[in-house]
Amino acid sequence: MMSQSRGHGGSGVQMRELYVLLCVVLTLPGCRGFLPNFWSRVLTLSLDSYTHQFITEQGVLNVTLETLSMANTHQHTQEQAGLGRGFWHAVGEVVHSNAAMDFLSSTRSDPVYHFDSERVEESMAMLRQFWAQTLLSARAKEYQGARHSLGQLLHSLQDFYSHSNWVEMGQHSIYLHLLHPGQPAFPVATEDTPTCMECHSATCRDNLLPRMTQSQQYPLLLTTGYFSTYPPKPQGKCSHGGVLDSSRHQGAKGGINKDSTSPLFSPHHYLHVEAARLATTATLTVLRDLRDSVGNISFLRLFSVKQPPALVFVMDTTGSMFEEITAARLRAHSIIQARANTPEQPGTFLLVPFHDPGVGPVYETEKPEEFMSYMENLMALGGGDEPEMCLSAIQLALTHSPPLSEIFVFTDASPKDAHLYNAVRALILEKQCKMTFLLTEDPSHKMKGSRRKRRRRETLSPDRFALYSSLSSVSGGLTVFTTNSDIHRVSTIVEDNTAADKVTLLHAESDSDSNLSHSFSVDNAVKCVTLHLTGDLRQCVLSSPTDRTQSLLNQQGPLAECEQFQGLYRISLLSPIEPGQWHLNTIADGHVTFNAIADSNVDFLYYFAVEANGTHPGLAKVEGSPIAGVPTFLVLTVTGLLPNEKASFSHVTLLGANGESLQKVWLNSSSSFASSGEELVGWMASVPRVPFCVRLSGRDGGGNRLERVSTEMIQHTHIKIQVLSIPRLVPGHSTTVFFDVQNHGPARNLTLTADDDRGYLSQRGPHSLSVGERGSVRGEVELQTPKGAEAGGAVTMTLTVRVLDSLDSNYAVLHLTVVPPDPDMSPPSCSIMRVEHTCPGPTQCTGVRWTVSLAVTDRGCSGLASLQLSQGQGILTLLHSPTDPLGDSLEENPKHKPQNQRDSERTSPAHGENGYAELDPRLVQGNPPLNVAQWTGRLPKPLWVRYTSPCCSPQAELLVWDGAGNMRRCHLTASQQRGTRERSGVSDSAGEMPLQSCFLLFSLLSLIWTVPLLVDVGSFLYVK
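**Quick notes on the overall build of the chain**
From N to C terminus, the chain includes 19 helices and 40 strands. Looking at the 1024 residues of the chain, the share that counts as buried comes to 59%. Contacts in the chain between residues far apart in sequence, at least 24 positions, make up 73% of those at least 6 positions apart. Approximately 40,100 Å² of the chain is accessible, and the part contributed by carbon and sulfur atoms is 52%.

Written out as structure tokens, the structure reads:
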């Protein structure tokens, strides 16, 4: 999502697209909510409108850069360019989840998801569910699920400011009560309370009744606009409004939405910028609270910031695998040792062993020494007769690996669980992971002298490894047939491919025995070019851009170094590498695969999309494979370009499996904002009818051709699976997932299979379906969540559908989250128990300290989790229990303790001044959150703390979390001597909470009250 210069297609293409655009605009149905994404601005002719996509991208980018700046690592512009491809992929997941609320049939027309039709209370409850689910998933390191629920949360939150009268009420700060029930609330207009006056023009000014905007005579009331015909709009209520909202004709006529700057679609278009500012502030606040709740490190991992590579092994551990296990162990050790204390050190280590019938467990760690311990403990024992449970192990590896990972499979056996092929293929494409198989068994049974102990119950087919070859082809990986003696040297491919900034310049396959010619481009951003060729070559000649040649199989030369192993040729271009077009001419026997990779920051991401002309116009991402014969958009994001790097991108080429050109798609910029969220978009009347991959083409600053290849092979289809809802899983309960199977071809019979990685599905299939020509059929599957399922756990479910007697198929992948049956929504509380020292005044602060003691308590059922001093120049000390200067305890019932225990506590050497029993931990500003669960557990007892600060620093803020992720901000001041100002997790306040006080005897305890801190709204951030 970087800014760059663009090339353009011909004028004829642009005129055709303009004509199509005008036709679409004239037939648009209704829209509501901030516009979903960049294409919505085009469809509504409001190019200066802020969209859900823009607000979300900018919010995530700003808070990420803000978090990185705390470490003072790099300059701002370098940070933005160096966030990595994984970061923009993660941001894309949040954005797509956000936009999907406007496109999914289960959410697009439901007023609860959009703060429509005065369903404010229900919408707030939904928001709080999304917040709790996001925290649960993030803390469980189930980051894909967390990104999905975060996108949903941000969509509904942003809609509030566009659909309600909050802006018209004159509010300049965000509404804290939306996410935190302890904050002040505004009443919602009842169903029989009129809210709007008649408006007979496109622009509606002052059409809200005075009670909705003024507070002289009556308390202000919240309202939101009604849309279309459901639910029915009562007389006198406000409509959403706009030319395509049918309810605008009912009294009161007009509308109040601020979705865009166009008066055709938004009657309150003149307030759009202010609504967008508040929505942006609310987005930033939620993201900062999320960061504070999970910690900086987990927040950066949630968004895959500067994501280091993952090292993922799937290992056959049967008795014949001694050499393979040894090779993998040595290769892992080599990677870890060579990259220690460097950015190239893998950040995630994953090992999934398998044999028959056992699979797993999954060994996952971020510590290299732990991974090596797992590898050292692997033993080649048991098993013996193939096939083995390889695909089950790959499925586990895929569900646990970060997106964009490369997975290496070591085996000498064919798969016993071939029924999982479609599910594994779906996961590969959904997560864009590459599969590379290192097979030490020749499918032709002609390997001689290999020391094998595997027994065979029957004669095995020579094509028994075809599923592995198919999976590697789909993912853009390799299948290497090698020997025990060469497996260690062949495993260098692991080291070559396990890198954060590895890009693909060429990927092609061929089964021809004739002469083969392939080319790839090297640009100025490329370093360390390596080619991997699998198969049996008789001739291989490399040509440079200046027409120098080298026969790689029988001559050493100035261009490259070639290493030959059984089943693999490894070719490294020698420095200095000439920029320009390189050529490779080969003669091979049988199947051969070409793969050229290099080190470069510049890469791209892409997705397919179709125009959505429902209630929310925009581009809806295609889930699964693109549909044949349907006009399709190709949306790309270029990553890694520095702001001063000059590069232009003109088109993409859709390449067939042999590397041949199938179709050229011209690109144009999608954005009128010069921001990091800019995208490139191309249009196709239809996708190719054969498998294809995508190559991006352009020019670097030196005029050299710049090309990058995304290697996954895309197959068109005539079938679509539309998931209607993504429910939450509750322990001890069953959950149903509903979906539609839509047929874009002739009548046909289908088989549908469901699978999940936890075994929660009641029935997996295959299920038989019949669907008519261009018809659809609705289906459902049921999951039973065990009572002991841990909250925050993730379940990955795949749905695959295939046409009988055909290769036509499609898939859907769902990431489901286990939530507790009764979520804790109550934040902790802070109460001042004693003021020990006060300040004489602001002019006499030097050399004087102020000290307060607090009781921190969880009001829910989750128990206290952690504390952090977010502001203040003092020291926060944790205490065992308090005693006052006279020796009396400040706990509620100190007499419940034996007298000798109380005496011991007061005279213990661990006690600090004033009779407080100190724990070791002390916190200062800048320290990460401290886990305090070990002292409080899940009990409701208070945690006692003392804060001491110089009087020249008269304010402090303490953040307190409970186990459910609820957060309280406790504000301490030197002047507010015997109270705290509390505010929940969102940092801007709209009003003050009522004071609550109580008195205890002998003046030992003071007033306890809760007052929120009033702060100014943060400014609307915009990063260029």
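The discussion continues.
**What to know about helix α5 (residues 85–100)**
The terminal C-alpha atoms of α5, which comprises 16 residues, lie 22 Å apart, in line with the 22 Å expected from a rise of 1.5 Å per residue. By the criterion of burial, α5 is predominantly enclosed, with 14 of the 16 residues buried.

**What to know about unusual backbone geometry**
Following G251, the chain continues into A252 via a peptide bond in cis, with omega recorded as 0°. By secondary structure assignment, the location of A252 is in the loop between α8 (210–213) and α9 (272–294). The residue after G360, namely P361, is reached through a cis peptide bond having omega 5°. With respect to the helices, strands and loops of the structure, P361 is situated in the loop between β3 (348–354) and β4 (363–365). Look at S304: it is not a glycine, yet its phi comes out positive at around 50°. With respect to the secondary-structure elements, S304 resides in the loop between α10 (296–302) and β2 (310–316). On the basis of relative accessible area, S304 is assigned to the buried category, the value being 10%.

**What about the state of the cysteines?**
Evaluation of the coordinates by the stated rule reveals five disulfides. A sulfur-sulfur distance of 1.7 Å marks the disulfide that ties C830 to C970. A torsion of 50° about the S-S bond marks the disulfide between C830 and C970 as right-handed. Of the two residues, C830 is situated in strand β31 (residues 829–837) and C970 in strand β39 (residues 967–973); the sequence distance between them amounts to 140 residues. The pair formed by C830 and C970 is uniform in burial state, with each residue classed as buried. Through a disulfide, C845 is tied to C952; the S-S separation comes to 2.1 Å. Residues C845 and C952 are joined by a disulfide whose S-S torsion is about 85°; by sign, that bridge is right-handed. With C845 in the loop between β31 and β32 (849–857) and C952 in the loop between β37 (943–950) and β38 (955–962), this pair connects stretches of sequence that are 107 residues apart. Assessed through its relative accessible area of 14%, C845 is described here as buried. For C952, a relative accessible area of 46% translates into the label partly exposed. Sequence-ordered numbering of the disulfide-bonded cysteines in the chain gives the connectivity 1-4, 2-3, 5-10, 6-8, 7-9.

**Focus on the packing of aromatic side chains**
Tallying each qualifying case throughout the model produces 22 aromatic pairs. Considering the side-chain rings of F608 and F692, the 6.1 Å spacing of their centres and the 85° angle between planes classify their relative orientation as edge-to-face. With F608 in strand β15 (residues 603–612) and F692 in strand β22 (residues 692–699), the pair connects residues that are 84 residues apart, well separated along the chain. A relative accessible area of 6% means that F608 is categorised as buried.

**Regarding helix α11 (residues 322–338)**
Taking 1.5 Å per residue as the helical rise, α11 with its 17 residues ought to reach 24 Å, and the 24 Å between its terminal C-alpha atoms agrees with that figure. The complete set of buried residues in α11 reads E323, E324, I325, A327, A328, R329, R331, A332, I335 and I336. Close packing links the buried residues of α11 with β2, β3, α12 (368–376), β5 (406–411), α16 (487–490) and α17 (492–497).

**Points about the sheet that holds strand β16 (residues 618–621)**
Pairing within the open sheet is antiparallel, and its five strands lie in the order β16-β15-β17-β21-β20. Edge positions in the sheet fall to β16 and β20 (668–669), since each of these pairs with one other strand and no more. Examined bridge by bridge, strand β17 (residues 632–639) and strand β21 (residues 680–684) share five bridges and lie antiparallel to one another. Pairing of L634 across the sheet is with G682, part of β21. Across the sheet, α5 lies against β15, β16 and β17, angled at about 15° from β15, the strand it touches most.

**Description of the pattern of salt bridges**
In this structure the tally under the stated criterion is 28 salt bridges. Measuring nitrogen to oxygen at the nearest pair gives 3.8 Å for the salt bridge that ties K141 to E366. Taken together, the positions of K141 in the loop between α6 (120–139) and α7 (143–163) and E366 in the loop between β4 and α12 put the pair 225 residues apart, joining distant regions of the chain. Linking R570 and E563 is a salt bridge whose minimum nitrogen-to-oxygen distance equals 2.5 Å. Classification of R570 as buried rests on a relative accessible area of 17%.

**Comments concerning the sheet that holds β5**
Read across the sheet, six strands follow the order β4-β3-β2-β5-β6-β7 without closing on themselves; strand pairing throughout is mixed. Pairing within the sheet leaves two strands with one partner each, and these edge strands are β4 and β7 (479–481). Averaged over all pairs of adjacent strands, the angle between strand axes in this sheet comes to 10°, irrespective of strand direction. As paired elements, β5 and strand β6 (residues 434–439) share six bridges and run parallel to each other. Within the sheet, the bridge partner assigned to F408 lies in β6 and is T436.

**Some points on the packing of α6 against α9**
As a packed pair, α6 and α9 sit with axes 11 Å apart at the nearest point and diverge in direction by 40°. Relative to α9, α6 is oriented oblique. As for how α6 packs across α9, the hand of that crossing is right-handed. Judged by residue contacts, W131, T134, L135, A138 and R139 of α6 engage V286, D289, L290, S293 and V294 from α9.

**Quick look at the confidence of the model for the chain**
Of all residues in the chain, 81% attain a pLDDT of 70 or more, and the chain-wide mean is 81. In the model, residues 73–77 has pLDDT below 50 throughout and makes eight contacts with residues more than four positions away in sequence or in other chains. The low-confidence segment residues 672–677 (pLDDT under 50) makes 31 contacts with residues lying over four places distant or belonging to another chain.

**Overview of the nonpolar core**
Soluble globular proteins tend to pack their nonpolar side chains together in the buried interior. Within the largest apolar cluster, 63 residues are counted, with the highest numbers of intra-cluster contacts made by F87, Y161, W166, L178 and F303. Of all the secondary-structure elements, those providing two or more residues to this core are α3 (52–69), α5, α6, α7, α9 and α10. With ten residues, α9 is the largest single contributor of residues to this core. Formed by 32 residues, the second largest nonpolar core is a distinct cluster that contains L350, F354, A426 and L427.

**Let's talk about the environment of R689**
Within the secondary structure layout, R689 lies in the loop between β21 and β22. When the C-alpha positions of R689 and I714 are compared, they lie 9.8 Å apart, and in sequence the two are 25 residues distant. The residues contacting R689, other than those within four sequence positions of it, are A628, Q715, H716 and H718.

**Description of the packing of α11 against α12**
Running from N to C, α11 and α12 cross one another at 165°; their axes reach a closest spacing of 10 Å. In this view, α11 runs roughly antiparallel relative to α12, as classed from their interaxial angle. Both α11 and α12 take part in a crossing whose hand is left-handed. Within the contact between the two elements, α11 uses A328, R329, A332, H333 and I336 and α12 uses P368, F371, M372, M375 and E376. Within the contact of α11 with α12, the residues separate by chemical class into seven nonpolar, one polar and two charged.

Rules of the game
- Residues numbered from 1 in each chain as written.
- Predicted model: local features only at pLDDT ≥ 70, side-chain atom pairs only at ≥ 80, totals over all residues.
- Heavy atoms only, no water.
- Helix = DSSP H or I, 4+ residues; strand = E, 2+ residues; numbered from the N terminus.
- Buried < 20%, exposed > 50% of the residue type's maximum accessible area, 1.4 Å probe, protein only.
- Contact = heavy atoms within 4.5 Å.
- Areas by Shrake-Rupley, 256 points an atom, 1.4 Å probe, with all protein chains shown as cover.
- Expected span 1.5 Å × (residues − 1).
- Disulfide = S-S within 2.5 Å.
- Phe/Tyr/Trp six-rings, centres within 6.5 Å; stacked < 30°, edge-to-face > 60°.
- Pairing = 2+ DSSP bridges.
- Axes fitted to C-alpha atoms, helices over the stretch in contact; angles between N-to-C directions.
- Salt bridge = Lys/Arg side-chain N within 4 Å of Asp/Glu carboxyl O.
- Parallel < 35°, antiparallel > 145°, perpendicular 65-115°, else oblique.
- Left-handed = near helix turned anticlockwise from the far one by under 90°.
- pLDDT = per-residue confidence, 0-100.
- Core = buried A, V, L, I, M, F, W, Y, C linked by side-chain atoms within 4.5 Å.
- Nonpolar A, V, L, I, M, F, W, Y, C, P; charged D, E, K, R; others polar.

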